[in-house]
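# Examining the three-dimensional arrangement
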Amino acid sequence: MMKTSTQELVAAIQAGDQDACEILVRRYYRPCYAVALAILRHPEDAEDVAQSSLLSALSRIDDLRDHRQFKPWLMKITRNRALTDLSSRKKTQGKRSSRDIETMPADHISSTLKNSLLKALEHLSDRERDVLLFHDLCNFKHAEIAEFLLISETNSRQILFTARGKMRALIESQERGGKNEQESH
Amino acid sequence: MNKNPIDLSPLDPTRDKNRFDRTVSALAQRIMAARERSPSAVLARAFVPLMVAALLILVTAAAGTWMLEKGHTQGAQKKTTTFAQWARGKSTLNTWQEVELIRGPK
């Protein structure tokens, strides 16, 4: 029988099923990454935090009494780790830890687009960045976003609308700036 | 216009499927290895043998207590019979029995 619910997968992991572990990692990798990216604003660091959070949470899954609370529990762990990472990075003045080459992004073609998006994300408020990443990157529903960020669903919709408007304007202005630079050369 | 999602796919870590598959597989292996070493997992594995051992100790202790009590009762009955026969003049007491008789019941 195919295991689909998080509760079933957690029970399977507790019984030592590595396939169930892979399914759960696949399911929650992107949400963890989005939570970390919203705080750290650096994709590679966000991936590091997502991985360490999944490792930490799933290694001590037995501590979680109610498996229905897995998602908020994992998101909380990720958020705390990202905040710790951010404060330690501030202390070491932006010096990044050495990273596993396997986790480096392979597609260099999209790096310009990526940088453009990251620059635009910098100009959003924390809340706008959270909502935009959860909705447009992770496909979270407004109800889920509202529950996680402790806001109303209407508020989540409004923030998303504003964030998208800002992002589009910022990306367009970056593109215009790029074109002007090329023409001047 | 703002109802359409922003294309954030360049930031998506799952975009490169092969790389993502390798990351997931390596991470799952690390998680399972860490779980094997965690104190709760060790305790979970030891739970059944520990419970069996505890049960055996309990059964042994209960059986020992029961046998001791049975031995005490039988011993007391034997002593009472011996003293009763001595009182009726039907038998004599040895030194230890005399000492016990003088000392009285505990």
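Residues numbered from 1 in each chain as written. Chains lettered and ligands numbered in written order. Predicted model: local features only at pLDDT ≥ 70, side-chain atom pairs only at ≥ 80, totals over all residues. Heavy atoms only, no water.

### Structural notes on the environment of Ser5 of chain A
- Mapped onto the elements, Ser5 of chain A comes out in the segment before helix H1 (6–14).
- Placed 19 residues apart in sequence, Ser5 of chain A and Leu24 of chain A show a C-alpha to C-alpha distance of 9.5 Å. (Helix = DSSP H or I, 4+ residues; strand = E, 2+ residues; numbered from the N terminus.)

### Digging into the domain arrangement of chain B
All names here are of chain B.
- Partitioning chain B into domains gives domain 1 (38–70) and domain 2 (71–106).
- Distance between the C-alpha centres of domain 1 and domain 2: 40 Å.
- Taken together, the contact between domain 1 and domain 2 spans four residues of the former and four residues of the latter.
- Taken over both partners, the interface formed by domain 1 and domain 2 buries close to 290 Å², and the fraction arising from carbon and sulfur atoms is 34%.
- Ranking the residues of domain 1 by area buried against domain 2 places Leu68, Glu69 and Lys70 at the top, with a combined share of 97%.
- On inspection of domain 1 and its partner domain 2, the count reaches zero salt bridges.
- Linking domain 1 with domain 2 are zero residue pairs in polar contact (both at pLDDT 80 or more), by the criterion used here.
- A per-class count over the side of domain 1 that touches domain 2 returns two nonpolar, no polar and two charged. (Domains from an automatic or database assignment. Contact = heavy atoms within 4.5 Å. Buried area = accessible area lost by both parts, 1.4 Å probe. Salt bridge = Lys/Arg side-chain N within 4 Å of Asp/Glu carboxyl O. Polar contact = N/O pair within 3.5 Å; in protein donor to acceptor, adjacent residues only side chain to side chain. Nonpolar A, V, L, I, M, F, W, Y, C, P; charged D, E, K, R; others polar.)

### Concerning the interface of chain B and chain A
- Listed by partner, the interface residues are 32 residues for chain B and 44 residues for chain A.
- In terms of surface lost to chain A, no three residues of chain B exceed Ile6, Leu11 and Arg35 of chain B, which account for 20% of the buried area on that side.
- Joining chain B to chain A, the criterion identifies four salt bridges.
- Its salt-bridge partner being Glu47 of chain A, residue Arg19 of chain B comes within 2.6 Å of it at the nearest N-O pair.
- Here the side of chain B that touches chain A is composed, by residue class, of 14 nonpolar, eight polar and ten charged.

### Considerations on the side chain of Ser59 of chain A
- Position of Ser59 of chain A among the secondary structure elements: in helix H3 (residues 43–59).
- A polar atom in the side chain of Ser59 of chain A sits 2.3 Å from the backbone oxygen of Leu55 of chain A.
- Residues in contact with Ser59 of chain A, not counting those within four places in the same chain, are Leu54 of chain A together with Ile31, Ala34, Arg35 and Ser38 of chain B.

### What to know about the pattern of salt bridges
Residue and element names in this part refer to chain A.
- Tallied over the full model, the rule gives 17 salt bridges over all chains.
- Residues Glu44 and Lys114 are paired through a salt bridge, measuring 3.8 Å at the closest nitrogen-oxygen approach. Placement of Glu44 in helix H3 and of Lys114 in helix H5 (residues 111–122) is noted, with a sequence separation of 70 residues between them. Assigned by exposure class, Glu44 and Lys114 land together as buried. (Buried < 20%, exposed > 50% of the residue type's maximum accessible area, 1.4 Å probe, protein only.)

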